[in-house]
Amino acid sequence: KPLALPGAHVVVTGGSSGIGKCIAIECYKQGAFITLVARNEDKLLQAKKEIEMHSINDKQVVLCISVDVSQDYNQVENVIKQAQEKLGPVDMLVNCAGMAMSGKFEDLEVSTFERLMSINYLGSVYPSRAVITTMKERRVGRIVFVSSQAGQLGLFGFTAYSASKFAIRGLAEALQMEVKPYNVYITVAYPPDTDTPGFAEENRTKPLETRLISETTSVCKPEQVAKQIVKDAIVVTMGLFRTIALFYLGSFDSIVRRCMMQREKSEIADKTA
Ligand SMILES: NC(=O)C1=CN([C@@H]2O[C@H](COP(=O)(O)OP(=O)(O)OC[C@H]3O[C@@H](n4cnc5c(N)ncnc54)[C@H](OP(=O)(O)O)[C@@H]3O)[C@@H](O)[C@H]2O)C=CC1
Ligand SMILES: CCCCCCCCCCCCCCCC(=O)[C@@H](N)CO
């Protein structure tokens, strides 16, 4: 059943700019309480002001917390704790912090592979790991991962970026199988090129081939991309590929459910013994 956004606590990493900021605005317009997570404090405060202009009641809050989501798990866990103390348990986490860098494989520094994997992949693992236990206990929760079209197709110039965005999909699908019996739903967005500060930055160093491939499709508005992402997160539906895999996933899900029920039964037995 759909998640009710009015009064819900939504945490958006990368919420100070681009797609993340638009996702925060979209949720705020629907009555959510927002925690924005990013590094730069000025950008966070600026975004907070912009989001607050869209309030629909006088109880709504926008909380800002500065942290690098890709560095230290304990730091990220503390940030989530702070957010939960102020605004209650997290109902929805949107992992939108990330960045793109392009270049031919032999021209990219190996440190770029490490950096993109940290920010785009581990930077989604840490916040998710920090919210999942409470979500499972409450039997309420949504986690959104922001991959990319370059997370479905490996494209010229994106050896480092595409890999980091493919990784998100593996994480998300495996995690979904674990948490489905707890009513926690995971969605993955695969946005096309979108007009954001991050996109402008990325375009300054794009190889010609990457640019030409990118120009075969048009650039989207972040408001439009954000709207779709929020909609997909609230009402979870199934894509074509997952429909094909349905038979297998269904039988795996029943294994997971059976194990959960067994475990809960023996926990109750232990407690009463
Ligand atoms: N724009 C596009 O064309 C597309 C973008 N995407 C993906 O969407 C996401 C958002 O992109 P976009 O809106 O363009 O990006 P922007 O660069 O405009 O915004 C990125 C946001 O992430 C934050 N951020 C970056 N690194 C970290 C970090 N280590 N820790 C915490 N926060 C961080 C930034 O704040 P700060 O720097 O202050 O930390 C900022 O709020 C990314 O994951 C991107 O890969 C996917 C497909 C297309
Ligand atoms: C079934 C899949 C459909 C695929 C359609 C073909 C798309 C080809 C062009 C893709 C352009 C690159 C997008 C990367 C966007 C991105 O992540 C960066 N801009 C990040 O900032």
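In this text the structure is predicted, and so the values were computed from the model without any measurement.

A.B. asks: Before we move on, can you summarise the site of ligand 2 with the specific residues and values?
C.D. replies: Taken together, Ala100, Ser148, Gln149, Ala150, Gln152, Leu153, Leu155, Tyr161, Asp193, Phe199, Glu202 and Ile213 are the residues near ligand 2. Take Tyr161: an N or O atom from its side chain is 2.6 Å from an oxygen atom of ligand 2. Glu202 has a polar side-chain atom sitting 2.4 Å from an oxygen atom of ligand 2. In isolation ligand 2 offers 600 Å² of accessible surface; the protein chains occlude 72% of this area. Tallied by class, residues from the shell around ligand 2 come to seven nonpolar, three polar and two charged.

A.B. asks: Could you give me a rundown of a nonpolar patch on the surface, with the residues and numbers involved?
C.D. replies: Residues Phe247, Tyr248, Phe252 and Ile255 make up a contiguous nonpolar surface patch of roughly 460 Å² in combined accessible area. Here Phe247 lies in helix α10 (residues 246-272). Classification of Phe247 as exposed rests on a relative accessible area of 63%.

A.B. asks: Account for the side chain of Thr13, naming residues and giving values.
C.D. replies: Following the sequence through the fold, Thr13 ends up in strand β1 (residues 9-13). Of the residues examined, Thr13 reaches a relative accessible area of 2% and is grouped as buried. A distance of 3.0 Å separates the side chain of Thr13 from the backbone nitrogen of Cys96, its partner in a polar contact. For Thr13, the side chain forms a polar contact with the main-chain nitrogen of Ala97, separated by 3.0 Å.

Thresholds, definitions, all that
Residues numbered from 1 in each chain as written. Chains lettered and ligands numbered in written order. Predicted model: local features only at pLDDT ≥ 70, side-chain atom pairs only at ≥ 80, totals over all residues. Heavy atoms only, no water. Near = heavy atom within 4 Å. Polar contact = N/O pair within 3.5 Å; in protein donor to acceptor, adjacent residues only side chain to side chain. Areas by Shrake-Rupley, 256 points an atom, 1.4 Å probe, with all protein chains shown as cover. Nonpolar A, V, L, I, M, F, W, Y, C, P; charged D, E, K, R; others polar. Patch = residues over 30% accessible without salt bridge, like charges linked within 9 Å, V, L, I, M, F, W, Y side chains within 5 Å. Salt bridge = Lys/Arg side-chain N within 4 Å of Asp/Glu carboxyl O. Helix = DSSP H or I, 4+ residues; strand = E, 2+ residues; numbered from the N terminus. Buried < 20%, exposed > 50% of the residue type's maximum accessible area, 1.4 Å probe, protein only.

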